Amino acid sequence: MIKYCDLKKVNGAHGNELRAAVLRATESGWYILGIECKAFENSFAGYCGCTHCIGTGNGLDALTIILLAYKEMGVMNEGDEVVVPANTYIATILAIMHAGLKPVLCEPTTETCNIDPDRIEDAITERTRAIMAVHLYGRTAEMEHINAIARKHSLKVIEDAAQAHGAMYNGKRTGNLGDAAGFSFYPGKNLGALGDGGAITTNDPQLAQTARAIANYGSTEKYVNKYQGVNSRLDELQAAVLSAKLPHLDSDNERRRSIARRYIAEIDNPQVTLPQVEDYSRHVFHIFALMSPQREKLQEHLKAEGIETLIHYPIPPHRQEALKQFSHLSLPITEQIHREELSLPCNPAMSDEEVTKVIEAVNSFRP
Ligand SMILES: *Cc1c(COP(=O)(O)O)cnc(C)c1O
């Protein structure tokens, strides 16, 4: 059986370093907001090319706290609108709602599965304050176009980089492509902790300071509370684990790319549409997403061949019970993606033989 993603193997490849990191954090006697968190924040900011990084409890909180900070700064107000791709994972949309803002769902393109820049301006009103660009599946959104629209309308650009650690765009990394970015270190992400974790990156010192306070009960110094904050911090154990894994992120991403290159070169089945990738540096293949009108049958076939696949995602956000207020929207491209997407195993734990098996199994599919 080829697992979709064997996290035991992924982390096992760095076993000694992870054990040393956990031991170091365990024996330090200090478990929240200490030297491990500070050290990881510094190295992750440096990796992304940003001046500031703030650890958070998870990726959802990272995105929510950015927006809460902009509200405290007077940049956004209750009920203001944020344009967001309609086909994102629900967390992006929930972050906007949890911050008391209004998500405005915008269609993606079928080629990129990222927000369609040509449709953003139709979604902008006088209440719009930001565009939340999601680098879905690990592919960077069209940031040049998005930033140009944002400049024209005086909007903030926030990256949801939860699936795209290390992806490059015009020589810069994700996390440094807009005004602020939210990352997730959920265990299955390209840079994954051994539990929950997240981070905010930005070059804006005022945003960094405000977000840091909000993540820690709104506190600017111990027992002095400036904002009605939340409790969302990257703990010392996870920070130590992430510091051990960060030096391997580029080579892990390179391995994902080489698997993706083989899939794209060697999968040849008219039932399947493969991702079109012009520039591999822009994609870190958190998810290798193919499209097929026969998605369910293909998934069955691969299962019978001993290959586990996943669907990202089976139900679009506006069709979720939790988001009933958006159910009237007509979003045909989003719905097509959710109907046809199938994710092949694509991660650093896979062997060349496993990749070959996946290719042969997809190619032998006859509906
Ligand atoms: C994983 C993910 C999140 C949320 O991250 P958590 O750490 O699970 O809260 C947000 N957006 C996207 C696109 C994600 O894939």
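Residues numbered from 1 in each chain as written. Predicted model: local features only at pLDDT ≥ 70, side-chain atom pairs only at ≥ 80, totals over all residues. Heavy atoms only, no water.

Draft legend 1. Just the packing of helix H3 (residues 35-48) against helix H9 (residues 236-245), in detail. The interhelical angle for the contact between H3 and H9, taken along N-to-C directions, is 40°, at an axis separation of 8 Å. Regarding the angle of H3 to H9, the classification is oblique. As H3 packs across H9, the resulting crossing turns out to be left-handed. Residues Ile-35, Glu-36, Cys-37 and Phe-40 of H3 form the contact with H9, whose participating residues are Glu-236, Ala-239, Ala-240, Leu-242 and Ser-243. Class assignment of the residues belonging to the contact of H3 with H9 gives a composition of 6 nonpolar, 1 polar and 2 charged. (Axes fitted to C-alpha atoms, helices over the stretch in contact; angles between N-to-C directions. Helix = DSSP H or I, 4+ residues; strand = E, 2+ residues; numbered from the N terminus. Parallel < 35°, antiparallel > 145°, perpendicular 65-115°, else oblique. Left-handed = near helix turned anticlockwise from the far one by under 90°. Contact = heavy atoms within 4.5 Å. Nonpolar A, V, L, I, M, F, W, Y, C, P; charged D, E, K, R; others polar.)

Draft legend 2. Looking closely at the site of the ligand. Around the ligand lies a shell formed by Asn-58, Gly-59, Leu-60, Tyr-89, Ala-91, Thr-92, Val-134, Asp-160, Ala-162, Gln-163, Ser-184 and Lys-189. A distance of 2.9 Å separates an oxygen atom of the ligand from a polar backbone atom of Leu-60. One nitrogen or oxygen atom from the side chain of Ser-184 is found 2.6 Å from an oxygen atom belonging to the ligand. Protein contact buries 90% of the 380 Å² of open area that the ligand shows by itself. Spatially, the ligand is embedded in the largest pocket. Mapped onto the shell around the ligand, the elements with two or more residues apiece are helix H4 (59-72) and helix H5 (90-98). Classifying every residue of the shell around the ligand by side-chain character gives 5 nonpolar, 5 polar and 2 charged. (Near = heavy atom within 4 Å. Polar contact = N/O pair within 3.5 Å; in protein donor to acceptor, adjacent residues only side chain to side chain. Areas by Shrake-Rupley, 256 points an atom, 1.4 Å probe, with all protein chains shown as cover. 1 Å grid on protein atoms, 1.4 Å probe; cavity = no way out; pocket = protein on both sides within 12 Å on 5 of 7 lines; lining within 4 Å. Sits in = over half its atoms within 2 Å of the grid points.)

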